[in-house]
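Tertiary structure, described
Here's the letter readout for the chains.
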Amino acid sequence: MRAAFAMHGALFGELFPDDVRERLAGLVDAPDAVLPHLGGTLADVEVLITGWGCPRIDAAVLERAPRLRAIAHAAGSVKEHVTAEVFRRGIVVSSAAAANAVPVADYTISMLVLAAKSVPRRVHAYATGGWPDGPRPGGVPAPGERAGLGAFTVGVVGASRVGRLVIERLRPYGVTPLLNDPYLDADRARELGCEPVGLDDLCRRADLVTVHAPALPETYRLLDKRRLGLLPDGATLINTARGTLVDTEALTGECVSGRLNAILDVTDPEPLPAGHPLLSAPGVWVTPHVSGARGRELRALGEYAVGEVERFVTGRPLHGQIRLADLPRIA
């Protein structure tokens, strides 16, 4: 069985170090090369391993790949390159989104802990002229100040792979999260340890809101001006999902005024233009889409994809299989 890779060449070595490629070579005839443009060399390929930068696999490409049986994506979403035609031809598709969700969830928990201590706002105050709240030896909190994540109400928007990992990681902090997800029934939300609520109610009650929903037509600007206005004064919005889920203009007004805080790993547009008010607003951190796998974390995605190939060639169910019916509601 012949395999080929289609992804940015710069990522290849990080995703598939020598030992991972050797493992794959024991399963299929895997070339130590990347096909950047999905050219004519696909004629004999039965397994295609894709990554960030893979071109769209449409009917024209599939005509040049008559033997293709499986696509293992060594990254998250497949929506940018896998078309409906792939599924119609019976080609099995898998994604390493579950592996990529781990670093995103870890990033989110880190930001929730820092947000609970108002770190972005205090960093800004420190950098612009002083010691926030005055010196307090031994970390003594200010009068009335809540200390630690467990003292806050956390709202989770979306019980996605990342959302569920975040919920799991919140348990040691003693937090009972509020959860909003229209695809999850109330009993299942409670099984996850959450209180199921409507999105408006979540916005009214949560001190910290973390977004883990997919970008769909119905989620465009899900957190619009009205819902942002429902958030309590001093609340923090954390977005590691997609920038289009938040009304950037409305959020900018709330943050520049100092009423809300935000930690944004994704924005709309992305990147924000130089000099955008969010980049210098007190209580706001904008990070350059770094929450997903980077550096040595990428190896986990390559290992996941190789594991999927192993399961495919031995006739076992795939752990990250994507079906045509999943496309409309996945990230």
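Note: the structure precedes this text.
Residues numbered from 1 in each chain as written. Predicted model: local features only at pLDDT ≥ 70, side-chain atom pairs only at ≥ 80, totals over all residues. Heavy atoms only, no water.

1. What about the overall build of the chain?
On a plain count of helices and strands, the chain comes out with twelve helices and twelve strands. Computed over the C-alpha atoms, the radius of gyration of the chain is 22 Å, within 12% of the 20 Å expected from 2.2 N^0.38 for a compact globule of 331 residues. The dimensions of the chain, computed from C-alpha atoms along their principal axes, are 70 × 45 × 35 Å. Residue burial in the chain is summarised as follows: out of 331 residues, 49% are buried. Taking as baseline every contact in the chain between residues at least 6 positions apart, the subset at least 24 positions apart corresponds to 66%. Split by element, the accessible area of the chain, about 15,300 Å² in all, is 53% carbon and sulfur. (Helix = DSSP H or I, 4+ residues; strand = E, 2+ residues; numbered from the N terminus. Rg over C-alpha atoms; globule rule 2.2 N^0.38 Å. Buried < 20%, exposed > 50% of the residue type's maximum accessible area, 1.4 Å probe, protein only. Contact = heavy atoms within 4.5 Å. Areas by Shrake-Rupley, 256 points an atom, 1.4 Å probe, with all protein chains shown as cover.)

2. Some points on unusual backbone geometry
Going from Asp268 to Pro269, the amide bond is cis rather than trans, its omega being 5°. Mapped onto the secondary structure, Pro269 falls in the loop between β10 (261-264) and β11 (284-286). In this model, Glu270 is joined to Pro271 through a cis peptide bond whose omega is -5°. Relative to the helices and strands, Pro271 resides in the loop between β10 and β11. Phi at Ser118 takes a positive value of approximately 55°, unusual for a residue other than glycine. For Ser118, the position within the fold is in the loop between α5 (97-116) and α6 (119-127).

3. What to know about the side chain of Arg227
Counting through the fold element by element, Arg227 comes out in helix α10 (residues 225-230). Reaching out from Arg227, the side chain makes a polar contact with the side chain of Asp200 at a distance of 2.7 Å. Dropping the residues within four chain positions of it, Arg227 is found in contact with Leu199, Asp200, Cys203 and Leu222. (Polar contact = N/O pair within 3.5 Å; in protein donor to acceptor, adjacent residues only side chain to side chain.)

4. Focus on the sheet that holds strand β4 (residues 92-95)
Taken together, five strands build an open sheet; the order of strands is β1-β2-β3-β4-β12 and the sheet is mixed. The two strands at the open ends of the sheet, each matched to only one other strand, are β1 (2-6) and β12 (321-322). (Pairing = 2+ DSSP bridges.)

5. Concerning the nonpolar core
Of all hydrophobic cores here, the largest spans 29 residues; its most connected members are Leu202, Leu223, Leu237, Leu251 and Cys255. Among the elements of the structure, α9 (199-205), β8 (208-211), α11 (248-256) and β10 are those that each provide at least two residues to this core. Once residues within four sequence positions are removed from consideration, Cys255 is found in contact with Leu260, Asn261, Ala262, Leu278, Ala281, Pro282 and Val284. Ranked by size, the runner-up nonpolar core spans 28 residues in total, among them Val104, Ala105, Phe152 and Leu208. (Core = buried A, V, L, I, M, F, W, Y, C linked by side-chain atoms within 4.5 Å.)

6. A word on helix α7 (residues 161-170)
When α7 is considered as a whole, its buried residues turn out to be Val162, Gly163, Leu165, Val166, Ile167 and Leu170. Summarising the contacts, the buried residues of α7 are in contact with α5, β5 (154-157), β6 (178-180) and β8.

7. Some remarks on the pairing of β5
Neither face of β5 is open: one carries Val154 and Val156, the other Gly155 and Val157, and all of them are buried. One ladder, built from four bridges, connects β5 with β8; its direction is parallel. From the neighbouring strand, Val154 faces β8, where its bridge partner is Leu208. Across three bridges, the pairing between β5 and β6 is parallel. Counterpart to Gly155 in the pairing with β6 is Leu178.

8. Here's the deal with the environment of Val93
By secondary structure assignment, the location of Val93 is in strand β4. Exposure remark for Val93: the relative accessible area of 1% places this residue in the buried category. Once the C-alpha coordinates of Val93 and Val82 are considered, the two residues, eleven residues apart in sequence, prove to be 8.4 Å apart. If we ignore the near neighbours within four places in the chain, the residues touching Val93 are Ile71, Val78, Val82, Val86, Phe87, Gly320, Gln321 and Ile322.

9. Some details on the side chain of His73
On the secondary structure map, His73 appears in strand β3 (residues 70-73). Within the structure, His73 has its side chain in polar contact with the backbone oxygen of Ser77 (distance 3.2 Å). Excluding anything up to four places from it in sequence, His73 contacts Thr50, Gly51, Trp52, Val78, His81, Ser94, Ser95 and Ala96.

10. Describing the packing of aromatic side chains
Counting across every chain of the model gives three aromatic pairs. On the numbers, 5.9 Å between centres and 45° between planes, the contact of Phe12 with Phe16 is tilted. We note that Phe12, like Phe16, is buried. Three or more aromatic residues joined by ring pairs make a cluster, and in this case those are Phe5, Phe12 and Phe16. The cationic tip of Arg329 hangs over the ring face of Tyr183; the distance from NZ or CZ to the ring centre is 5.6 Å. (Phe/Tyr/Trp six-rings, centres within 6.5 Å; stacked < 30°, edge-to-face > 60°. Lys NZ or Arg CZ within 6 Å of the ring centre and 35° of its normal.)

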